[in-house]
Amino acid sequence: MDKRRPEWTPPNAGSEFASSVVSGVHGKAVKADNQPMAARKISVDALEEGIKAGNRTLLSRAITLVESNSAKHFEQAQELLTKLLPVSGSSIRIGITGVPGAGKSTLIESFGLHLIEHGKKVAVLAIDPSSTISKGSILGDKTRMEQLSRHEMSFIRPSPSSGKLGGVARKTRESIVLCEAAGFDVILIETVGVGQSETTVRSMVDFFLLMQIAGAGDELQGIKKGIIELADLIVVNKADQDNIQRAQLAVREYNNALHYIRHASKNWQTKAITCSAITGDGISDIWEIVQQFCQATRSTGSFQARRKAQTLEWFDALITEAVLNRFHQDPDIKQKLPRLEQAVAEGELPVALAVSQLLKP
Ligand SMILES: Nc1nc2c(ncn2[C@@H]2O[C@H](COP(=O)(O)OP(=O)(O)OP(=O)(O)O)[C@@H](O)[C@H]2O)c(=O)[nH]1
Ligand SMILES: [Mg+2]
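Here's a quick rundown of the structure. Per-chain numbering applies: the sequence of each chain, read as written, is numbered from 1 onward. Whichever chain is written first becomes A and whichever ligand is written first becomes 1, with later ones labelled in order. In keeping with the model being predicted, local features are shown solely for residues with a pLDDT of at least 70 and side-chain atom pairs are shown and tallied solely at 80 or more, while totals for entire chains, interfaces and linings include all residues. In computing side-chain properties, one takes all heavy atoms of the structure into account and sets aside hydrogens as well as water.

Below, the discussion takes up the coordination of the magnesium ion (ligand 2). Because water is not among the atoms used, a metal site may look incomplete, as its donors are only the N, O and S atoms within 2.8 Å, or 3.2 Å for Na, K and Ca. Around the magnesium ion (ligand 2), the protein contributes the donor atoms S105 (OG) and E190 (OE), which lie 2.1 to 2.4 Å from the metal centre. With S105 in helix α5 (residues 104-117) and E190 in strand β6 (residues 186-192), the pair connects residues that are 85 residues apart, well separated along the chain. The burial state of S105 is the same as that of E190; both residues are buried. Think of it this way: any DSSP run of H or I at least four residues long counts as a helix, any run of E at least two long counts as a strand, and we number them from the N terminus. When accessible area is computed with a 1.4 Å probe and restricted to protein chains, residues below 20% of their type maximum are described as buried, those above 50% as exposed, and intermediate ones as partly exposed.

Right, here's the structure in full:
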């Protein structure tokens, strides 16, 4: 093995690192605030070892590495992922979506703590394409997930701050691999119901949970948006105090509607239940249902088949992205494109002909 492999330095010396203690790297503990970031380099091998040992500080650094946009970091991240892929894949990946304020983070707090009580290690990732600077949402989430974020059996990572959904999704998929290699049994991925983010999260999880709130005036909002067709479970949250009856009514309506809707997963009948993320009512039912889902889909092979299909879809998407990038970087294309665009816009040239002229060597 090449011992002189270039070492990785975190790209931004953010607060995430500032107060952390990195132990076991190069054989000794390093107090982070004592030295500048550039002085502390961690090799891919050290990251691999640390992650396999469940070291959350190194897991966090590895995620920063996969989130980096630099070419050098890309290479190192891919090397690390190659090493860790064989020890990944054994978690259950759960996507959680719902309109802003539905109670996703509050649910993750109580559901996560419930899972920990059952001996599970829980990682929480977020996809929030609307936040260009993730700092705000970290703050919100950390206060909503106060106990969970302090628990040693959990790991919480906010959404990468890069704006484009495609880029964010790649980073999240790679972060899932890292979390699994670090021994996390359940990966929760929170996304706010904006734009395409639900479809994107659906394409990387085994189980998709849609959170709704009763009494929002439009109980069946998800049906219109087609999101119910993605869900394996609909949870009507905030079923507490004087909202219980409304929530139960909404659950009945959903369960009726679900008879007419194509289910999201093979060998699984989507259902709706009530829950209160605050009182904890219904939280254990969610875990029961997830386990039933795993049993039903694993025994029939559809669980494994979906994962394979998801990976191939991702492969396909990355090919498309890479080919398009290469196309747009090509000097010849760059030179021809504006003229042809104008000709097409002015109606001087048929579109299909313009494309074939563009692609002509
Ligand atoms: N009564 C009641 N309030 C709840 C419940 N769950 C969440 N809330 C409240 O609803 C508000 C929003 O909760 P969050 O958990 O931040 O919702 P979210 O879906 O994560 O919101 P975004 O991250 O902004 O999309 C907070 O004030 C919570 O205290 C619940 O079960 N019952
Ligand atoms: Mg939230």
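Don't stop here, the text continues.
Turning next to the packing of aromatic side chains. A pair of Phe, Tyr and Trp rings is counted when the ring centres sit within 6.5 Å of each other, with Trp represented by its six-membered ring. The angle between the planes then sorts it: under 30 degrees is stacked, over 60 is edge-to-face, the rest tilted. The tally for this structure, following the rule as stated, stands at 4 aromatic pairs. Ring geometry for F111 and W287: centres 6.4 Å apart, planes at 65 degrees, overall edge-to-face. Separated by 176 residues along the polypeptide, F111 in helix α5 and W287 in helix α12 (residues 283-300) bring together distant segments of the chain. Each member of the pair F111 and W287 is classed as buried. When the centroid spacing of 6.1 Å and the interplanar angle of 45 degrees are considered together, the rings of F155 and F184 count as tilted. Pair noted here: F155 is in strand β5 (residues 154-157) and F184 is in the loop between α8 (165-181) and β6, with a separation of 29 residues, a long-range link. Here F155 and F184 have matching classes, each one buried. A connected cluster of aromatic rings, assembled from ring pairs, spans F207, W268 and F293. Looking at K121, its charged tip hangs above the ring of F184, at a distance of 4.5 Å from the centre. The ring of F303 carries the charged tip of R298 above its face, separated from the ring centre by 4.2 Å. A ring is considered to have a charge above it if a Lys NZ or an Arg CZ atom is located within 6 Å of its centre and within 35 degrees of its normal.

Grid points spaced at 1 Å over the protein atoms alone were grouped into cavities, where a 1.4 Å probe fits but cannot get out, and pockets, open sets with protein on both sides within 12 Å along at least five of seven lines, with lining residues defined by an atom within 4 Å of a point. Grid points are joined across faces, edges and corners, and a volume is the space filled by probe spheres set on the points. Enumeration according to the criterion identifies 2 cavities of 30 Å³ or more in this entry. Considering only enclosed or pocket space, the second largest cavity measures out at about 50 Å³ in volume. What lines the second largest cavity is I63, E67, L125, A126, R157, P158, P160, T172 and S175. Elements represented by at least two residues in the lining of the second largest cavity include exactly α3 (56-67), β4 (122-127) and α8. Note that Gly is not counted as nonpolar here; it falls among the polar residues with everything else outside the nonpolar set of Ala, Val, Leu, Ile, Met, Phe, Trp, Tyr, Cys and Pro and the charged set of Asp, Glu, Lys and Arg. Taken together, the residues of the lining of the second largest cavity break down into 5 nonpolar, 2 polar and 2 charged.

Alternating residues of β5 divide into S154 and I156 and F155 and R157, and every residue in both groups is buried. Two strands are counted as paired when DSSP detects at least two bridges linking them. Relative to β5, β4 is paired through 4 bridges, and the arrangement is parallel. Bridge pairing in β5 places A123 opposite F155.

With that settled, the discussion passes to unusual backbone geometry. Backbone geometry places K238, a non-glycine residue, at a positive phi of 65 degrees. Position of K238 relative to the elements: it lies in the loop between β8 (233-237) and α11 (244-257). Residue class for K238 comes out partly exposed when judged on its relative accessible area of 34%. The backbone of Q241 shows a phi angle near 45 degrees, a positive value even though the residue is not glycine. Mapped onto the elements of the fold, Q241 is located in the loop between β8 and α11.

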